[in-house]
Amino acid sequence: MGDRSAEIMRRSAQLFPGGVNSPVRAFGGVGGTPIVASRGQGARIWDADGNEYIDYVLSWGPLVLGHAHPMVLDALEQAARDGTSFGMPTELEVSLGELIVKRMPHVEMMRFVSSGTEATMSAIRLARAFTGRDAILKFEGCYHGHADSFLVKAGSGVATLGLPNSPGVPAALAELTLTAPFNNLEVTRSLIRGAKNGVAAIIVEPIVGNAGFIQPLPEFLAGLREIADESGALLIFDEVMTGFRIAYAGAFERFDVRADLTTLGKVIGGGLPAAAYGGRREIMRQIAPTGPVYQAGTLSGNPLAMAAGKATLTALTPELHTIIERRTARLVEGLTQTASRLGVPFTAGSAGSMWGYFFHEGPVVDFESAKRSDVEMFRRFFHAALDRGVYLAPSAFEAAFMSAAHGDAEVDETLSRLEDAMKYAHA
Ligand code: KE4
């Protein structure tokens, strides 16, 4: 790390716990000091010392067009000139909402919020109110933001730092969160059947991106739909990460399973703070002011965020999605071949523009098998990649992303740098 980054991080450590404003940024899973971002353009970022990296974190998912895309910048400039916030209805939020519904017809109605955490937190409040039940069921290693009910066997930074259950969450609330292994319908079914007062919602990342990258087995999501229908629980797909990433739209298109409620974030804000929850009209109408379930926000539907989201979804055509998807698959195939040539235990996968890898022969089907990944090898690989100008998520329990700005040249450059990094990590 350069002098300038080190100096900024010294000041930062005085102000923010761990020197960061979100724990996943702190290099807790890999050691060392975080690099400090100063600029991004397309597929690349520069740190405060001027070092350049090809970026596969992309702000943890939102930047599907890459950094500082001209269409997003133009939309932001126009929106900013017209006023940055009103706390009133605007046409921009209607336009973005219409773009989402067009691609996700099962999201008949929605409410914009400012973070994924707010979206999932509000979705389970709504599910609890709609069903009149208190318990929810989530899957081990899935992360749904940091609301109290979700900090039970959670993934992402919680898993990276080894704090699966956070202090400060009242035990009485945590008891209402049942957890099953991802891809395990049997345990899910028996937990739901055994729940005394029923379960309000089954919430799932349709493809897990917070325990590394884990795909559902072919029958899993359809099985959850069936269990939800049998038991009267709502099925919530948390598509904060997978939305507009694993397919042109999302899980419905890829897996043909329809959730009752869907949560969105990341891509729909195009790099600005926007998220949403939505679904069946009869459920959404329970939200205030049409219904009694209260949920509100000063900056919800913020014009800058709506403008960035609208520009992003407009630019992300089906054709462009297919191009990014192919490049992502090529990168993953290349890495898999490299690992096999070098004799490194490795398994990797991709869906649309989301991908991930484990230092482990596989298969990885749940959090338990994800944790068998060689974390020491990951640490060496992560730092070797960073030294060679490739910025990967600083945790073995996070997914990676691609953007429209990662062209074939960037993919080739990445493959050659990561081959070097793998050789170093394996030596
Ligand atoms: P935010 O509150 O961070 O906007 O979204 C929460 C959230 C909800 N659901 C899913 C599936 C998510 O992936 C997330 C957030 N993801 C993490 C990283 N894996 C965000 C990065 C961070 O925590 O700083």
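We now turn to the structure provided with this report. (Residues numbered from 1 in each chain as written. Predicted model: local features only at pLDDT ≥ 70, side-chain atom pairs only at ≥ 80, totals over all residues. Heavy atoms only, no water.)

1. Regarding the site of the ligand
Move 1: In the neighbourhood of the ligand, 17 residues make up the surrounding shell, with Ser-22, Thr-117, Asn-210, Asp-238 and Glu-398 lying closest.
Move 2: Residue Ser-22 places a side-chain N or O atom 2.5 Å away from an oxygen atom belonging to the ligand.
Move 3: Within the side chain of Asp-238, an N or O atom sits 2.7 Å from a nitrogen atom of the ligand.
Move 4: Burial of the ligand by the surrounding chains reaches 87%, relative to a free accessible area of 530 Å². (Near = heavy atom within 4 Å. Polar contact = N/O pair within 3.5 Å; in protein donor to acceptor, adjacent residues only side chain to side chain. Areas by Shrake-Rupley, 256 points an atom, 1.4 Å probe, with all protein chains shown as cover.)

2. Re helix H1 (residues 3–15)
Move 1: Its 13 residues give H1 an end-to-end C-alpha distance of 19 Å, which sits within 8% of 18 Å, the value for a rise of 1.5 Å per residue.
Move 2: Among all positions of H1, only Ser-5, Met-9 and Ser-12 are buried. All buried residues of H1 project into a common sector of 60 degrees when viewed along the axis, lining one side. The exposed residues of H1 that point more than 90 degrees off its buried face are Asp-3, Arg-10, Arg-11 and Gln-14.
Move 3: Looking at the buried side of H1, the elements it contacts are strand E2 (44–47). (Helix = DSSP H or I, 4+ residues; strand = E, 2+ residues; numbered from the N terminus. Expected span 1.5 Å × (residues − 1). Buried < 20%, exposed > 50% of the residue type's maximum accessible area, 1.4 Å probe, protein only. Arc of directions from axis to C-beta. Contact = heavy atoms within 4.5 Å.)

3. Focus on unusual backbone geometry
Move 1: A cis amide bond links Ala-288 to the next residue, Pro-289, at an omega of 15 degrees.
Move 2: The omega torsion across Gly-362 and Pro-363 is -5 degrees, close enough to zero to call that bond cis.
Move 3: As for its placement among the helices and strands, Pro-363 is situated in the loop between strand E12 (354–358) and helix H13 (367–370).
Move 4: Notably, Leu-58 is not glycine yet its phi reads approximately 50 degrees, a positive angle.
Move 5: Relative to the assigned elements, Leu-58 resides in the loop between strand E3 (52–55) and helix H2 (70–81).

4. Considerations on the sheet that holds E12
Move 1: The strand order across the open sheet formed by three strands is E11-E12-E14, and the pairing between neighbours is antiparallel. Both outer strands of the open sheet, strand E11 (347–351) and strand E14 (400–401), are each paired with one neighbouring strand and no more.
Move 2: Across two bridges, E12 lies against E14 in antiparallel orientation. Each residue of the ladder has a partner; that of Trp-355, found in E14, is Ala-400. (Pairing = 2+ DSSP bridges.)

5. Digging into the side chain of Thr-414
Move 1: Structurally, the position occupied by Thr-414 is in helix H15 (residues 408–426).
Move 2: With relative accessibility at 0%, the residue Thr-414 sits in the buried group.
Move 3: Of the polar contacts made by the side chain of Thr-414, one reaches the side chain of Tyr-56; its length is 2.5 Å.

6. Looking at the sheet that holds strand E8 (residues 234–238)
Move 1: The strand order across the open sheet formed by seven strands is E4-E10-E9-E8-E7-E5-E6, and the pairing between neighbours is mixed. Across the chains shown, the open sheet's two edge strands, defined by having one partner strand only, are strand E4 (109–113) and strand E6 (177–180). Strand-to-strand, the axes of this sheet are offset by a mean angle of 20 degrees, without reference to chain direction.
Move 2: Summarising the sheet, E4 and strand E10 (residues 275–279) pair through five bridges and their orientation is antiparallel. Each bridged residue has a counterpart across the sheet, and for Met-109 the counterpart in E10 is Gly-279.
Move 3: Sheet strands touched by helix H8 (residues 220–231): strand E5 (135–139), strand E7 (199–204) and E8. Its angle to E7, the strand with the most contacts, is close to 170 degrees. (Axes fitted to C-alpha atoms, helices over the stretch in contact; angles between N-to-C directions.)

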